There are 2 protein chains.
Amino acid sequence: MRLVIVGGSDAGVAAALRARELEPAAAVTVVLADAYPNYSICGLPFYLSREVEDWHRLAHRTAFDGIDLLLDHYAESLDLVGHTIRVRDAGGQLQTLPYDRLLVATGARPDLPDIPGMNVDGVFPLHTMGDSFAIDAYLRQGKCRKVTIVGAGYIGLEMADALKVRGVDVTVIGRSASPLPSVDQELGHEIEKELLRHAVRVLCGAEVTRVGRVGDRLVVTAGDLEDETDMVIVAPGVRPSSELAAAAGIRLGVAGAIAVDRSMRTSAPDVFAAGDCVETWHQLLGVHVYLPLGTTAHKQGRVAGENMIGGDRLFAGSLGTQVVKVFDLAIARTGLRDGEARQAGFDPVTVESAAWDHKAYYPGARELRIRITADRQSSRLLGAQILGHWQAQVAKRIDVFAAAIHNGMSVEGLNDLDLSYTPPLGSPWDAVQIAAQRWATAGR
Amino acid sequence: MRLVIVGGSDAGVAAALRARELEPAAAVTVVLADAYPNYSICGLPFYLSREVEDWHRLAHRTAFDGIDLLLDHYAESLDLVGHTIRVRDAGGQLQTLPYDRLLVATGARPDLPDIPGMNVDGVFPLHTMGDSFAIDAYLRQGKCRKVTIVGAGYIGLEMADALKVRGVDVTVIGRSASPLPSVDQELGHEIEKELLRHAVRVLCGAEVTRVGRVGDRLVVTAGDLEDETDMVIVAPGVRPSSELAAAAGIRLGVAGAIAVDRSMRTSAPDVFAAGDCVETWHQLLGVHVYLPLGTTAHKQGRVAGENMIGGDRLFAGSLGTQVVKVFDLAIARTGLRDGEARQAGFDPVTVESAAWDHKAYYPGARELRIRITADRQSSRLLGAQILGHWQAQVAKRIDVFAAAIHNGMSVEGLNDLDLSYTPPLGSPWDAVQIAAQRWATAGR
């Protein structure tokens, strides 16, 4: 069985490993457009902050027993009938690879704004290892005292943190009314305060319309603002890299992502797809959405790998669970927010409460802000958001909510969970349950 | 509706609050044998370490709107037919209180070993506020350079930590082969190393047979060992304080605890019971066990409070979820261990694995040791144990397992959970899922 996988990031490597684990006789080839198999793209801000000194550490492993890696090979085209794929190496040499089963895991790329100045020297996207080397080289020139980040989502905020660690002045410009538009504004305002506390300039609700060079400096124009700066990092959302599949006639779905079923099969026989290039089944919405996340890519890749060698596995679906650390805060979410739930036909109620991460009498207690969204009548849990100190177990508390939503629990059901307690690490009713009790009294 | 609650700790206060929340017209009286309503007994080691300077902080609240507290009132007897309870105050005055519904929440007391010397000056149990005041006073005399702790369970280990913080030499003597017999020996040995690393002497597999006074010192005898010391703290298990109920003819169950159904009703009409004095429904075993825990007491109390005013709530059952911090380690468990599962008729397999708490390239990554116990054939998750750095989200990771077990998930199902990820706080497959994948490959 010849398996060919296009893409060597989360989904591609997860699929390759899973297929080999279950079928050691499978011949697995992974085709990579660059030279960085299995690299943690999520780790780039920490490399750029120099908290990770050697970029090689961003990859846990770069070689895999029994898996052929074709580095710097670009996938040009698919022949779905002939079951072959044509690839071009760095020297321009073409090669045709036959496959029994193919996985398209071509990922995504930054959805750069269509404005003047994106190609000016000193303006960088951040998505690939190559991007981060370029940014690092520019910073190392030592002429960069100030960086302006366009985009106040996850990557923009992580980069603001990273560049402050590196000792550079930072301005963040975002379109949304508050930073991190993937959580509610009530929490976004806390994030804004945290950024200001660390001397990051924040400009929200602003649309960047151009970037230009004036002498040895750059000028970012957003409404009335002319922000003079030394470097611009563009951290927008991403869009699926689905061209290879589309050109072969494979059906596309939501947002131009490759259409897949829950077994990660595309519309073409023997062709699977996974990761940031595909649409993702949403567990609560019961429809496909475009929601590219590394965690999801790993899961979809694992499912695809299993099915490519004849398995029968379904992707369980995403809840959009996410967490980000911004300076001393962690901000996490899972499931649906109020507006999202309403749009999906639920009758949601969202209640915010505050609770200590552990017993207030034990040193170092931190307050958590927890927002629970649940259905008014059934009290079915639909979503949760948590903001608190990054060492206050925010990430794993959102995971308790995620496990509860996955299992269709109600808000009241959370009180039945036998959660752990010791004064330095929790409360007899964990913060998660205190929030549930507040929802029940305030929310109905 | 007159509600009388005997006991003002976790179960009693939780019941009182829940009843008043749902039925503001209820007349609620709480009878306490001491003067410390709602005090966190779990916090005593942290008061004795002086990490909590003022013992008043151990109670979050000591007064409650619309709830009468009878402090220092000892419940002498119940008249089940007449629906009254006789209480005696500190001055010896007797009083008879009528009730419509009664809650017995009389807790537990230390199960002191039946050996010579338990009453010698300098030998202390640790269970009540009074005990901890006595210990503190003895330590403050300044003559105490060394303390020997009899018992290597939760409280014994927390006290070892607490007394080292206070600058005292500590020896721990435990009966079990390794400290903290509630987790597997493989983890117990790590705990032993942690104790030694902090200069705590540990003697395991030793039965203390007597304590005696020799001059101004104490001698603890355990097998061949004669341990000379200045103070002995006895931290054994507990047994239910069920005498009040038993004397009234209420049925007792497992281990002499008050028999209850899942609505927390006893065998007597209109009499409920909750907390450390009752037997506890075990969710996995499907039988009652004696498993006194503060978290459980709160849940049982809340259920009882709701049902006392006419509600219809069932206690969901315990999984025995626990966590303890010992110096830099947190050790947690939920569900069943291998032997417990086997005894209950399962065919368990237990697999240990190691995983980083977050991406190894990000500073401060800690290794977690995770033991998963699951049924061989069905792969139904039965239990989990985690040992790791106390700031490595051990407690909330065991909670993810607890939520999974609560919902009857399989080990493989853990991989479907959409858990959060950012490099400083997790991995694309969380440690919980890496352990699940190891179980699947190694365990079958």
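The structure under discussion appears in the preceding block.
Rules behind the numbers
Residues numbered from 1 in each chain as written. Chains lettered and ligands numbered in written order. Predicted model: local features only at pLDDT ≥ 70, side-chain atom pairs only at ≥ 80, totals over all residues. Heavy atoms only, no water. Helix = DSSP H or I, 4+ residues; strand = E, 2+ residues; numbered from the N terminus. Expected span 1.5 Å × (residues − 1). Buried < 20%, exposed > 50% of the residue type's maximum accessible area, 1.4 Å probe, protein only. Least-squares fit on C-alpha atoms with pLDDT ≥ 70 in both. Contact = heavy atoms within 4.5 Å. Salt bridge = Lys/Arg side-chain N within 4 Å of Asp/Glu carboxyl O. 1 Å grid on protein atoms, 1.4 Å probe; cavity = no way out; pocket = protein on both sides within 12 Å on 5 of 7 lines; lining within 4 Å. Points joined across faces, edges and corners; volume = space filled by probe spheres on them. Nonpolar A, V, L, I, M, F, W, Y, C, P; charged D, E, K, R; others polar. Polar contact = N/O pair within 3.5 Å; in protein donor to acceptor, adjacent residues only side chain to side chain. Pairing = 2+ DSSP bridges. Axes fitted to C-alpha atoms, helices over the stretch in contact; angles between N-to-C directions. Buried area = accessible area lost by both parts, 1.4 Å probe.

Engineer: Let's hear about helix H9 (residues 394–406) of chain A: which residues, and what values?
Structural biologist: Residues and elements named next belong to chain A. If you check H9, its first and last C-alpha atoms are 18 Å apart, about what 13 residues at 1.5 Å a residue would give, namely 18 Å. For H9, the tally of buried residues reaches 13 of 13 residues, placing the bulk of the element in the interior. At the C-terminal side of H9, Gly-408 shows a positive phi close to 70°.

Engineer: Account for the relation of the copies chain A and chain B, with residues named and values stated.
Structural biologist: Mapping chain A onto chain B is achieved by rotating through 180° and translating by 0.0 Å along the same axis, at an RMSD of 0.0 Å. Accordingly, the operation relating the two chain copies is best matched by a two-fold axis. Mapped onto chain B, 100% of the interface residues of chain A are again interface residues, and the two copies thus contact each other with one and the same surface.

Engineer: Outline the pattern of salt bridges, listing residues and values.
Structural biologist: Taken as a whole and judged by the stated rule, the model has 64 salt bridges over all chains. For Arg-109 of chain A, the salt bridge is made with Glu-243 of chain A, and the minimal N-O distance between the two is 2.6 Å. Of this pair, Arg-109 of chain A sits in strand S8 (residues 108–110) while Glu-243 of chain A is found in helix H6 (residues 243–247), placing the two residues 134 residues apart along the sequence. Note that Glu-352 of chain B and Arg-371 of chain B form a salt bridge whose closest N and O atoms lie 2.6 Å from each other. With Glu-352 of chain B in strand S23 (residues 348–356) and Arg-371 of chain B in strand S24 (residues 367–375), the pair connects residues that are 19 residues apart, well separated along the chain. Arg-371 of chain B sits in the buried class, given a relative accessible area of 9%.

Engineer: Can you lay out empty space enclosed by the protein for me, pointing to particular residues and giving the numbers?
Structural biologist: If you walk through the whole model with that rule in mind, you get five cavities of 30 Å³ or more. The space that makes up the largest cavity amounts to roughly 100 Å³. Along the wall of the largest cavity there are 13 residues; nearest its centre are Lys-299, Arg-302 and Val-303 of chain A together with Asn-415 and Asp-416 of chain B. Per-element accounting of the lining of the largest cavity gives the leading share, four residues, to helix H7 (residues 294–308) of chain A. Its residues placed into classes, the lining of the largest cavity shows five nonpolar, two polar and six charged. Reported here for the second largest cavity is a volume of approximately 80 Å³. Lining the second largest cavity, in full, are Glu-412, Asn-415, Asp-416 and Trp-429 of chain A together with Lys-299, Arg-302, Val-303, Glu-306, Arg-313, Phe-315, Ala-316 and Gly-317 of chain B.

Engineer: I'd like a rundown of the side chain of Gln-393 of chain B, residues and numbers included.
Structural biologist: Positionally, Gln-393 of chain B belongs in the loop between strand S25 (381–389) and helix H9 (394–406). A polar contact is formed between the side chain of Gln-393 of chain B and the backbone oxygen of Leu-425 of chain B, at a distance of 3.2 Å. Those residues in contact with Gln-393 of chain B, other than ones at most four positions away along the chain, are Gln-393, Val-394, Ala-395 and Lys-396 of chain A together with Leu-425 of chain B.

Engineer: Outline the sheet that holds strand S15 (residues 225–229) of chain A, listing residues and values.
Structural biologist: Residue and element names in this part refer to chain A. Across the sheet, three strands lie side by side as S13-S14-S15; this open sheet has antiparallel pairing. One side of each edge strand has no neighbouring strand; the edge strands of this open sheet are strand S13 (208–214) and S15. Neighbouring strand axes in the sheet, compared pairwise and without regard to direction, differ in orientation by 20° on average. One ladder, built from five bridges, connects strand S14 (residues 217–222) with S15; its direction is antiparallel. When the sheet's bridge partners are listed, Val-220 is paired in S15 with Asp-227.

Engineer: Give me the sheet that holds strand S13 (residues 208–214) of chain B: which residues, what numbers.
Structural biologist: The strands making up a sheet are joined through hydrogen bonds of the backbone, oriented either antiparallel or parallel. Residue and element names in this part refer to chain B. Strands sit in the order S13-S14-S15 across an open sheet of three strands; the sheet is antiparallel. Edge positions in the sheet fall to S13 and strand S15 (225–229), since each has one partner strand and no second. Put simply, the sheet's adjacent strands are angled 20° from each other on average, direction ignored.

Engineer: Let's hear about the interface of chain A and chain B: which residues, and what values?
Structural biologist: On the side of chain B, 62 residues touch chain A, which itself brings 62 residues to the contact. Both sides together, the interface formed by chain A and chain B hides about 6000 Å², and carbon and sulfur atoms give 59% of it. Counting across the interface, chain A meets chain B through six salt bridges. Across the pair Lys-396 of chain A and Asp-430 of chain B runs a salt bridge, and its minimum N-O distance is 2.8 Å. Counting across the chain A and chain B interface gives 32 residue pairs in polar contact (both at pLDDT 80 or more). For the side of chain A that touches chain B, the secondary-structure elements that each account for two or more residues are H7, strand S21 (322–326), H9 and helix H11 (431–442) of chain A.

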